[in-house]
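Given next are the chains, with one letter for each unit.
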Amino acid sequence: MPENKLLSALQMYETVAESAAALTDNMDGQCFPSTERKPLCLSDILSKLRNEMNNGSEKLKVDEDDIVSDVLHYYKESEFNPRKRVPISLNVRVAIDTGGILRQVFSDVFSALAENKDGLHLFKGAAKRKVPVFTNMHVLTGIFEVLGKIIAHSIIQNGPGFPCLAPVIYSYISSGDLECVLLKASCMDVRHQEPLSTYIDQLRDANQEELDRLNADWDFMQMLMECGERRLVTVSGEE
């Protein structure tokens, strides 16, 4: 089958299955019209998700003292269905969720994650200019993918968004063009070099006791992990 015919079918239909069915029904050689489809923008994707939500729902019970953990656990489950609405109930409060509880819970979760109150240390930077922290653990757990699901599901249920990131991060999420986005990056979004130079000065001629203190410094260890280094610093360098 000609490649241009396959491409035309994929452009006309949204899924491979629908394209295959259409091609099967048109084995007489009929050509599909050439169509150019504009790539979906973020608002189009969210609108599409909202329109696909059905009348089904799945209640989410959360503990007010452990909201972040409960919400993350729910959205990490492989059975999570984005097409179902999620009425939320609090274990210490009897109320029907008509939207207010959902908005409050998501707001509390987003605030806790942005301010690293949960112990995950996902972001760095000033308020409203947060940038994600890269670590091997964050990649392995897929925590930012989970957070993206929560944000999208909140928005399509008329909940809050996540207005905490630096503008350059939103540009990258919406465009996916890293080279273009980097041109818009501000010095406010880049880690200051002063802590790095301070650590270098401390490492020079340091004895083991001083290195042990550095190894217990969360910011220092975080910097090492962001560089892909998992070993502790020692005088001999063996670890």
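Note that this is a predicted model, so its numbers are computed, not measured. (Residues numbered from 1 in each chain as written. Predicted model: local features only at pLDDT ≥ 70, side-chain atom pairs only at ≥ 80, totals over all residues. Heavy atoms only, no water.)

### Observations concerning the overall build of the protein
Okay, so step 1: The helix and strand inventory of the protein stands at 12 helices and 4 strands.
Okay, so step 2: For the protein, buried positions account for 31% of its 239 residues.
Okay, so step 3: Sequence separation of 24 or more characterises 58% of the internal contacts of the protein that already satisfy a separation of 6 or more.
Okay, so step 4: Here the protein has roughly 15700 Å² of accessible surface; of this, 55% comes from carbon and sulfur atoms. (Helix = DSSP H or I, 4+ residues; strand = E, 2+ residues; numbered from the N terminus. Buried < 20%, exposed > 50% of the residue type's maximum accessible area, 1.4 Å probe, protein only. Contact = heavy atoms within 4.5 Å. Areas by Shrake-Rupley, 256 points an atom, 1.4 Å probe, with all protein chains shown as cover.)

### Overview of the packing of aromatic side chains
Okay, so step 1: Within this structure, the stated rule accounts for 9 aromatic pairs.
Okay, so step 2: With 4.8 Å between their ring centres and 55° between their planes, Tyr 75 and Phe 80 make a pair best called tilted.
Okay, so step 3: A residue is classified by how much of its surface remains accessible, and Tyr 75, at 0% relative accessible area, is buried.
Okay, so step 4: Residue Phe 80 is classed as buried on the basis of its relative accessible area of 15%. (Phe/Tyr/Trp six-rings, centres within 6.5 Å; stacked < 30°, edge-to-face > 60°.)

### Observations concerning a nonpolar patch on the surface
Okay, so step 1: Nonpolar side chains collect at one region of the surface, where Leu 42, Ile 45, Tyr 170, Tyr 172, Ile 173, Leu 178 and Leu 182 lie side by side and expose about 650 Å² of accessible area between them.
Okay, so step 2: For the nonpolar patch, the element with the highest residue contribution is helix 8 (residues 167-175), accounting for 3 residues. (Patch = residues over 30% accessible without salt bridge, like charges linked within 9 Å, V, L, I, M, F, W, Y side chains within 5 Å. Salt bridge = Lys/Arg side-chain N within 4 Å of Asp/Glu carboxyl O.)

### Quick word on unusual backbone geometry
Okay, so step 1: Unlike most non-glycine residues, Asn 158 shows phi in positive territory, near 65°.
Okay, so step 2: With a phi close to 60°, Asp 205 is a non-glycine residue in the positive phi region.
Okay, so step 3: Considering the arrangement of structural elements, one finds Asp 205 in the loop between helix 10 (194-203) and helix 11 (208-215).

### Topic: helix 4 (residues 67-76)
Residues that lie three or four places apart on an α-helix share one face, since the helix turns once every 3.6 residues.
Okay, so step 1: Taken residue by residue, helix 4 has Ile 67, Val 68, Val 71, Leu 72, Tyr 74 and Tyr 75 as its buried positions. Down the axis of helix 4, the sector holding all buried residues measures 160°, keeping them to one side. Those residues of helix 4 that are exposed and angled more than 90 degrees off the buried face are His 73 and Lys 76.
Okay, so step 2: Residues of helix 4 that are buried make contact with strand 1 (60-62), helix 5 (100-114) and helix 7 (143-156). (Arc of directions from axis to C-beta.)

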